[in-house]
Amino acid sequence: MARAPLTEVMDDNASAILEARHADPFAWLGQHPLNGGYVQRVFLPTASQAEIVLADGSRTLELVDPAGLFTGHSDAPLPVPYLLRWQDLRGRHERHDPYTFLPQLSDLDIHLFNEGRLLAAYEHLGAHRRRIDGVPGVCFAVWAPNAERVSVVGDFNGWDGRAHPMRSRGQSGLWELFIPDLDLGELYKFELRHRETGLVFTKTDPYAQAFELRPSNAARVTDSTFQWQDAAWLEARSQSDWQHAPMSIYEVHLGSWQRDENGGFLNYRDLAERLVRYCQEMGYTHLELMPVMEHPLDESWGYQVSGYFAPTSRFGSPDDFRYFVDHCHRHGIGVLLDWVPGHFPRDDWGLARFDGSALYEHADPREGEQKDWGTYVFNFGRNEVRSFLLSNACFWADAFHVDGFRVDAVASLLYRDYSRKEGEWIPNRFGGRENLEAIDFLRELHVVLNERFPGILSIAEESTAWPMVSRPTYVGGLGFSMKWNMGWMHDTLAYLSQDPIYRRYHQDSLTFSQIYAYTENFVLPLSHDEVVHGKGSLLDKMPGDTWQRFANLRLLLSYQFAHPGKKLNFMGNDFGQGREWDSGRSLDWNLLQIDWHAGVHRLFADLNRLHRERAPLHDQDFVAEGFRWIDCHDAEQSVLSFLRWDRQGNFVIALFNFTPVVRSAYRIGVPAGGRYAEIFNSDAAVYGGSNVGNWPQEAAATPWMGMEHSLLLTLPPLAAIFLSRQEE
């Protein structure tokens, strides 16, 4: 191989490569025609010797700069890709030259990404193991339009940003590089140089599908070998009539549901076995997981997401999480994920100011900062950000088969003035407070999800009176399947926290919900938000002595299951967790050894069973035809009574006595004659109650409350009873 003249090497290109500021390294590194022959240029930082290994032998490269710049010349082009062998401060290495491979991102993929329509961006950006020209390796791609240079850094190159600068894909802002001979498990980040300031900094991969354990934050190259076994579940889901089906959601924080014997985190696989067994015993239909996306701070509970495409490594690998979902599905449990598309943390290694500029967020703090949480707000009007978020939702449904999303803090997306004072926000183009770009995003999200993943659910945590949150996009709605009924939750807990002697003055707190109950498809949430930050547990909210507190809690849960709407309960609610939730430790499972708590536990399991087996308690949750008051006016005695109907005309009677006084000879109207019996009584001794109740009885032909028949009942103290007409 002929000697390369120094004048050919040491030009501006060489200087830019050596200083790690070259915007187009492929234009100079690798093999190129030169003076009627071909030149091979290689930069291997700190290398002292290097050679190209070919089938007919090796060819020594000449060191033309002590930093590790080598060249070689040949009369004819060498067959590519060719293998490099070199010696540097870290030892001896062999790897194919990455600068001899062609671009991998297609023009169509780039176009769709820039248009905000690359719905599987996770298959193209990030790190993906590939075999190209017969050579195995990893393709890296990242969006950083304001970078002058982007490099892949990792253990494989000593975290040296000079070693693997990426190929720019022009005006698209995308950068890519295939690094041959890398395998699974490699840790990596991106090193960027800002085009205007020259500032050099490292960032983790926005599309990374695995990370090392916090507090470290490097991404990890991963791939899946998991074999799914939930095809029957997915097929049934695609045909499901979820609006008329029972739905009882168990909200779980995986890090504090249970821990191992040393107080450490359980693996996703262990959690799957334990949680599925528990859900089956208790009768839950769905799990809702507080965010499992990677996050740096345990205390954020997952709501400050740093790795949108990666299950947190706290509990295992991505395939471990696939096992979790698959195991749930094979045992009849749906899996919903908390999803946080509204904002992201400011960590300097994450999405924040990703390429040195406001990229994923707005530059103006009046649009781009969420002061309540110290976070940045996504720029929903930017196409590439929409590609990121839309493909992220598709990713979890596609790669992990999840059954839906509970979308966090939807109100913060909808309103430009959310939690902002005068002068701290910018009106939309019409002068209003609505975030038009976020509204468009939410509607597009639901069109995409419903087209690609039939039967998938989305639930909005939305606390305002925004209309048609859970109505289809084609009638002007946002497209959510359901919405949390925050009003019901606040009013009900405010009522139950009152001493029973004062409840007669607040009956409207319970009856008001029927004014708006069918304007949305509601979920009734008793969530984690109600048992943290000094609010105490549900049990703590209940007034009275120990007996009354537990009776009130049983009454609250019974009222939730009778009221129209799907059900959601946070872990610990179902056995009367005594203390406020602490994300740093396991629930107090030892409380189940105490009769009071064991009674609540049995009651909850029976409520789930009734809810599932008795169609009137779930069949018409979202329409007024499924509900009728018997009497909502007996505030003086703090008694409520109503009917729940299914579409076949079957009904269940629900009565609630919100005082500790037994109400004897209490007459209620019923819609038909026949024999009636209790099917549930929250005052039963097995639940810890006083065992006051009613024997089966024939309805009297005594008109009452506008009905032709009536029953004369005994209402137990601080209790609910459900009755049903017995079949002939």
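Please refer to the structure placed before this passage.
Residues numbered from 1 in each chain as written. Predicted model: local features only at pLDDT ≥ 70, side-chain atom pairs only at ≥ 80, totals over all residues. Heavy atoms only, no water.

Attention shifts here to empty space enclosed by the protein. One pass over the structure, following the stated rule, counts six cavities of 30 Å³ or more. There is about 130 Å³ of room inside the largest cavity. What lines the largest cavity is a set of 14 residues, among which E367, V377, R416, R420 and N435 lie closest to the centre. For the lining of the largest cavity, the secondary-structure elements that each account for two or more residues are α8 (365-368) and α10 (410-414). In terms of residue class, the lining of the largest cavity is made up of six nonpolar, four polar and four charged. In this structure, the second largest cavity occupies an estimated 80 Å³ of space. Considering the residues around the second largest cavity, the lining is formed by 14 residues, among which V531, S537, G572, N573 and Q577 are closest to the centre. Taken together, the residues that form the lining of the second largest cavity break down as eight nonpolar, five polar and one charged. (1 Å grid on protein atoms, 1.4 Å probe; cavity = no way out; pocket = protein on both sides within 12 Å on 5 of 7 lines; lining within 4 Å. Points joined across faces, edges and corners; volume = space filled by probe spheres on them. Helix = DSSP H or I, 4+ residues; strand = E, 2+ residues; numbered from the N terminus. Nonpolar A, V, L, I, M, F, W, Y, C, P; charged D, E, K, R; others polar.)

What follows deals with the packing of helix α3 (residues 107-115) against helix α9 (residues 383-399). Axis separation between α3 and α9 bottoms out at 6 Å; the angle between their running directions is 100 degrees. Taken together, the axes of α3 and α9 are roughly perpendicular relative to one another. Counted together, L112, F113, N114 and E115 of α3 and N383, E384 and S387 of α9 form the full contact between these two elements. Here the residues of the contact of α3 with α9 sort into two nonpolar, three polar and two charged. (Axes fitted to C-alpha atoms, helices over the stretch in contact; angles between N-to-C directions. Parallel < 35°, antiparallel > 145°, perpendicular 65-115°, else oblique. Contact = heavy atoms within 4.5 Å.)

Residues M468, Y474 and V475 make up a contiguous nonpolar surface patch of about 340 Å² in total accessible area. You can see M468 is positioned in the loop between β25 (457-460) and β26 (482-484). Under the relative-accessibility criterion, M468 is labelled partly exposed at 33%. (Patch = residues over 30% accessible without salt bridge, like charges linked within 9 Å, V, L, I, M, F, W, Y side chains within 5 Å. Areas by Shrake-Rupley, 256 points an atom, 1.4 Å probe, with all protein chains shown as cover. Salt bridge = Lys/Arg side-chain N within 4 Å of Asp/Glu carboxyl O. Buried < 20%, exposed > 50% of the residue type's maximum accessible area, 1.4 Å probe, protein only.)

Our focus in this paragraph is α3. Three or more residues of α3 are buried, namely D109, I110, L112, F113 and N114. Next to the buried residues of α3 lie β9 (135-143), β12 (174-180) and α9. Phi turns positive one or two residues past the end of α3, at G116, with a value near 80 degrees.

Here we take up the sheet that holds strand β22 (residues 369-370). The antiparallel open sheet is built from three strands, whose spatial order is β21-β23-β22. At either margin of the open sheet sits one strand with a lone partner, and together these are β21 (343-344) and β22. The pairing of β22 with strand β23 (residues 375-377) spans two bridges and is classified as antiparallel. Across the sheet, Q370 pairs through a bridge with T375, a residue of β23. (Pairing = 2+ DSSP bridges.)

The next subject is the environment of P81. Its location among the elements puts P81 in the loop between β5 (69-74) and β6 (83-88). Taking relative accessible area as the criterion, P81 reaches 18% and is therefore assigned buried. When the C-alpha atoms of P81 and T100 are compared, they prove to be 5.6 Å apart, with 19 residues separating the residues in sequence. Each residue touching P81, except ones within four places of it in the same chain, is listed here: H96, T100, F101, D133 and V135.

Moving on, we get to the layout of surface pockets. It is the rolling of a water-molecule-sized probe over the atoms that shows where space remains empty. Volume-wise, the largest pocket comes out at about 570 Å³. Around the largest pocket, the lining comprises 23 residues; the ones closest to its centre are W301, W373, D408, H528 and D529. In terms of residue count, helix α12 (residues 486-496) provides more of the lining of the largest pocket than any other element does, three residues in total. Here the residues of the lining of the largest pocket are counted per class, giving nine nonpolar, seven polar and seven charged.

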